[in-house]
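Next come the chains, spelled out residue by residue.
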Amino acid sequence: MTAVLEEVPAEELTPEQAAKELERLAEAIRHHDRLYHQEDSPEVPDADYDALSRRNAAIEARFPDLVRADSPSRRVGAAPVAGFAKVRHNRPMLSLGNAFDEAEVAEFLARIRRFLNLSDEEPVAVLAEPKIDGVSASLRYEKGRFIQGATRGDGTTGEDITANLRTLGDLPKELRGRIPDILEIRGEVYMRRDEFQALNARQEAAGEKVFANPRNAAAGSLRQLDPQITTARPLHFFAYAWGEISAPLGATLAEARDRLEDFGFTLNEPARLCRSLEELLAHHRELAERRPELPYDIDGVVYKVDRLDWQERLGFVSRAPRWAVAHKFPAEQAETLLKAIEVQVGRTGALTPVARLEPITVGGVVVSNATLHNEDEIARKDVRVGDTVVIQRAGDVIPQVVSVVLDKRPRGAKPYRFPIVCPVCGSHAVREINPTTGREDAARRCTGGLICPAQAVERLKHFVSRDAFDIEGLGAKQIEAFWRDELVKSPGDIFRLKARAEEITAREGWGEQSVANLMAAVEARRHIGLDRFIYALGIRQVGQATARLLALNYETLAGFREAMTAAAEEASPEYADLVAIDGVGPAVAADLAGFFAEAHNREILDDLAAQVEVEAAAVPAASASPVAGKTVVFTGTLERMTRSEAKARAEALGAKVAGSVSRKTDYLVAGAAAGSKAKKAAELGVATLSEEEWLDLIG
């Protein structure tokens, strides 16, 4: 039997096993991000989600050359929902990395020292704040007046919820004191537990939806299209950070927090300035003990470097600051009965087992199902129908199976036999051999391709999803019905629905107004960015982050298509350019080339190109920088800064940092012992800069 990679420690994985495991993790985390950030209906517990992210980070740290372009470590949240105007954040709203035990907190402090090249004697002050379990929001003030509010969205673009935020009583509409002309405040919208319970009582009495927990209640209340509904909901706001700002708030985070309080904001307390690992851990233990008596939910403690100049030097990884980490609280567990295992088929043909559970309340939330990931997961845990299983959750989400209670196993319970044929179309379901690793993939996949109704429908669902074309009014149920009745068989058919408007109007559940709304939504998507277009195609291993990378590197649809077609030849310059993109390896390149090699896919692209206008990728925001949009490779040993700091600085200036030299490389920055990359740069005529020349260039 294939080795179960999930139980193999990261340091013991072979490169081939690591690549396989990173693929599984990217797919699973992307799925859970969508459910949590877009639909406010998470499917797995925070602790299990964190465990996936933690394993992904451990493997990436062990195998940095295998970091995928669609890695969860490069991604934040999910795309904004339809129904609200979009707001682009001038400074991205990022997420936080997590720590789960004392050793990881110690490593967080050690990483800061290594990055900044600090001695062991240099004190590192860190502010510790409670991590509020709510909904992130951004508030823009100009000359002290609140003018716009937005959700985090995907970190780059959020939803305009200004009218809803104005209903919050403790959110100041005008600031007091000496205020910067432009001030973007970031914080958390939340609901107190007592107010949540009262809201649910009112909802139940009125025969309306009750919420699973305060976080979901806050999210649902904040995203109401009618601000009057939000007004009736008890929401509050804690300020804890800032984005765009025209003047500094101080030299330290502690000073800045004092300024925020003077302006009129409520801060997340109790916070403490700590100067050692022992002080941080003591504050974490104190908050864990006080957690039940606090009026609002918290799920951990956030640690932030206090000195703001150090924060600026530390910068960010793709989705999180290096100068902060969230130290999470442990998860909750319970036992329940596993009633059945059902298998679902996704758009790439992957067969995903889902555990159906006897409903049980865990931490105040009733849960009834969980994903089992794949057949190896079932085999590793020896999960059988009829078993009593341990489930785990933290915060507000539905749990997943942790283990089986063997002494409660019923007599005659048989090992689960994973299907080897597709449960939808009957085609063979196989575990493909990964071309890069030579090992079996974790997922078993239906070989039916587009003849499999499940795959065809799931691909169309993906195409219209919020992260892709985002067509409001054309959800999963509508796609299934339209496909079944042959109204929509390919993406291009969506843009020809106007000709069948009368036919749709006559359908059950549709009327003239709903059809008009759908047609307007379709027409609004005839213009779309290249990154969304690429993601919408549903190419295996090409998630949102990879789609953005490809869009930035190839800029236009014509350029992208031409390069991907030529990249089918591994000896071609186009293939070398593709795998040189930081995070795009041979496995992703093979899937891209394979997609464009299929005639049916080229026909779909031609059809779509006749229906929509694909906008060229936008120039990076730091366009004033001399290296914005340029591709840079670092090699050798740098003296003035660490390689990590050099890469972070380049990306902050709008440059694209690649892992290897190709003909598309603009600059090779060579330190001591540059090696083969310097030789290749010379062969290709790539400009090679010393460290000093690079620093002069970027100022």
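All values reported here derive from a predicted model rather than from experimental measurement.

Caption draft 1: The pattern of salt bridges, seen in detail. Scanning the entire structure with this criterion turns up 50 salt bridges. Here Arg380 and Glu377 are joined by a salt bridge, their closest N and O atoms 3.6 Å apart. Of the two residues, Arg380 and Glu377 are both situated in helix α11 (residues 375–381); the distance of three residues between them amounts to about one turn of the helix. Through salt bridges that share partners, Glu23, Glu27, Glu432, Asp441, Arg445 and Arg540 make up one connected network.

Caption draft 2: Fine view of the packing of aromatic side chains. Summed over all chains, the structure comprises 15 aromatic pairs. Here the aromatic rings of Phe595 and Phe596 are separated by 5.4 Å at their centres, their planes lie at 75°, and the arrangement is edge-to-face. With respect to class, Phe595 is no different from Phe596; both count as buried. By way of ring pairs, the aromatic residues Phe463, Phe469, Phe495 and Phe533 are connected into one cluster. One cation-aromatic arrangement involves Lys489 over Trp483; the distance from NZ or CZ to the ring centre is 3.4 Å. The aromatic ring of Tyr554 is capped on one face by Lys664, whose charged end is 4.3 Å from the ring centroid.

Caption draft 3: Representation of the pairing of strand β3 (residues 126–132). Of all seven residues in β3, six are buried; the element is thus mostly enclosed. Pairing analysis gives three bridges linking β3 to strand β9 (residues 272–274), with the strands arranged antiparallel. From the neighbouring strand, Val126 faces β9, where its bridge partner is Cys274. Here six bridges tie β3 to strand β10 (residues 298–305), and the two strands are oriented antiparallel to one another. Along β10, the bridge assignment pairs Leu127 with Lys304.

Caption draft 4: View of the pairing of strand β7 (residues 182–190). β7 sits mainly inside the fold: eight of its nine residues count as buried. Pairing geometry for strand β4 (residues 135–142) and β7, over eight bridges, is antiparallel. Along β7, the bridge assignment pairs Tyr141 with Leu183.

Caption draft 5: Spotlight on the nonpolar core. Counting 56 residues, the largest nonpolar core has Phe533 and Leu578 as the members making the most contacts within it. Judged by nonpolar contacts, the second largest core, of 36 residues, contains Leu127, Leu235, Phe263 and Leu267.

Caption draft 6: Highlighting unusual backbone geometry. Cis rather than trans, the peptide bond between Glu269 and Pro270 has omega equal to 5°. Relative to the elements of secondary structure, Pro270 occurs in the loop between α8 (253–263) and β9. Positive phi, normally seen in glycine, also occurs at Asp382, with a value near 50°. In this fold, Asp382 is placed in the loop between α11 and β15 (388–393).

Caption draft 7: Region of the structure containing the sheet that holds strand β23 (residues 667–670). Strand order across the open sheet formed by four strands is β22-β21-β23-β24, with parallel pairing between neighbours. Strand pairing shows two members of the sheet lacking a second neighbour, β22 (656–657) and β24 (687–689), which therefore form its edges. Relative to β24, β23 is paired through three bridges, and the arrangement is parallel. Its bridge partner lying in β24, Val669 is registered against Leu689. Of the strands in this sheet, β21 (631–635), β23 and β24 are in contact with helix α25 (residues 691–698), which crosses β24 at around 100°.

Caption draft 8: The packing of helix α12 (residues 453–464) against helix α13 (residues 476–484), seen in detail. Remark: α12 packs on α13, axes separated minimally by 10 Å, with the N-to-C direction vectors making an angle of 130°. One way to sum up the angle between α12 and α13 is to call them oblique. Between α12 and α13 the crossing geometry is right-handed. On the side of α12, the interface is formed by Pro453, Ala456, Val457, Leu460, Lys461 and Val464, while α13 contributes Ala476, Ile479, Glu480 and Trp483. Taken together, the residues of the contact of α12 with α13 sort by class into eight nonpolar, no polar and two charged.

Caption draft 9: Spatial organisation of the sheet that holds strand β5 (residues 145–151). Strand order in the open sheet made by the four strands is β5-β4-β7-β8, with antiparallel pairing throughout. In this open sheet, the two strands that pair with only one neighbour each are β5 and β8 (236–245). Across the sheet, the mean angle separating the axes of adjacent strands is 30° when strand polarity is ignored. Together, β4 and β7 form the strand contacts of helix α6 (residues 214–222), whose direction differs from that of β4 by roughly 45°.

Caption draft 10: Here's a closer look at the environment of Val366. By secondary structure assignment, the location of Val366 is in strand β14 (residues 365–371). Take Val366: its relative accessible area is 56%, and that puts it in the exposed class. Sequence separation of Val366 and Pro399 is 33 residues, and the distance between their C-alpha atoms is 9.8 Å. Once residues within four sequence positions are removed from consideration, Val366 is found in contact with Pro359, Ile360 and Thr361.

Caption draft 11: Inspection of the packing of helix α3 (residues 102–116) against helix α9 (residues 277–290) at higher detail. At a minimum axis distance of 10 Å, the contact between α3 and α9 shows a crossing angle of 135°. The pairing of α3 with α9 is recorded here as oblique in orientation. In the crossing of α3 with α9, the sense of the turn from one axis to the other is right-handed. From α3, Glu102, Val105, Ala106 and Leu109 reach across to α9, where they touch Leu277, Leu280, Leu281 and Arg285. Here the contact of α3 with α9 is built from residues that sort into six nonpolar, no polar and two charged.

Caption draft 12: Structural context of the side chain of Lys656. Inspection of the secondary structure assignment puts Lys656 in strand β22. One buried charge, Lys656, has no salt-bridge partner; the nearest side chain with opposite charge is Glu555, at 5.1 Å. Engagement of the side chain of Lys656 in a polar contact is seen with the backbone oxygen of Leu552, the distance being 3.2 Å. Once you skip the residues sitting within four places of it in the chain, Lys656 turns out to touch Leu552, Asn553, Gly629, Lys630, Thr631 and Val632.

Reading the values: the criteria
- Residues numbered from 1 in each chain as written.
- Predicted model: local features only at pLDDT ≥ 70, side-chain atom pairs only at ≥ 80, totals over all residues.
- Heavy atoms only, no water.
- Salt bridge = Lys/Arg side-chain N within 4 Å of Asp/Glu carboxyl O.
- Helix = DSSP H or I, 4+ residues; strand = E, 2+ residues; numbered from the N terminus.
- Phe/Tyr/Trp six-rings, centres within 6.5 Å; stacked < 30°, edge-to-face > 60°.
- Buried < 20%, exposed > 50% of the residue type's maximum accessible area, 1.4 Å probe, protein only.
- Lys NZ or Arg CZ within 6 Å of the ring centre and 35° of its normal.
- Pairing = 2+ DSSP bridges.
- Core = buried A, V, L, I, M, F, W, Y, C linked by side-chain atoms within 4.5 Å.
- Contact = heavy atoms within 4.5 Å.
- Axes fitted to C-alpha atoms, helices over the stretch in contact; angles between N-to-C directions.
- Parallel < 35°, antiparallel > 145°, perpendicular 65-115°, else oblique.
- Left-handed = near helix turned anticlockwise from the far one by under 90°.
- Nonpolar A, V, L, I, M, F, W, Y, C, P; charged D, E, K, R; others polar.
- Lys, Arg positive; Asp, Glu negative; His and termini not counted.
- Polar contact = N/O pair within 3.5 Å; in protein donor to acceptor, adjacent residues only side chain to side chain.

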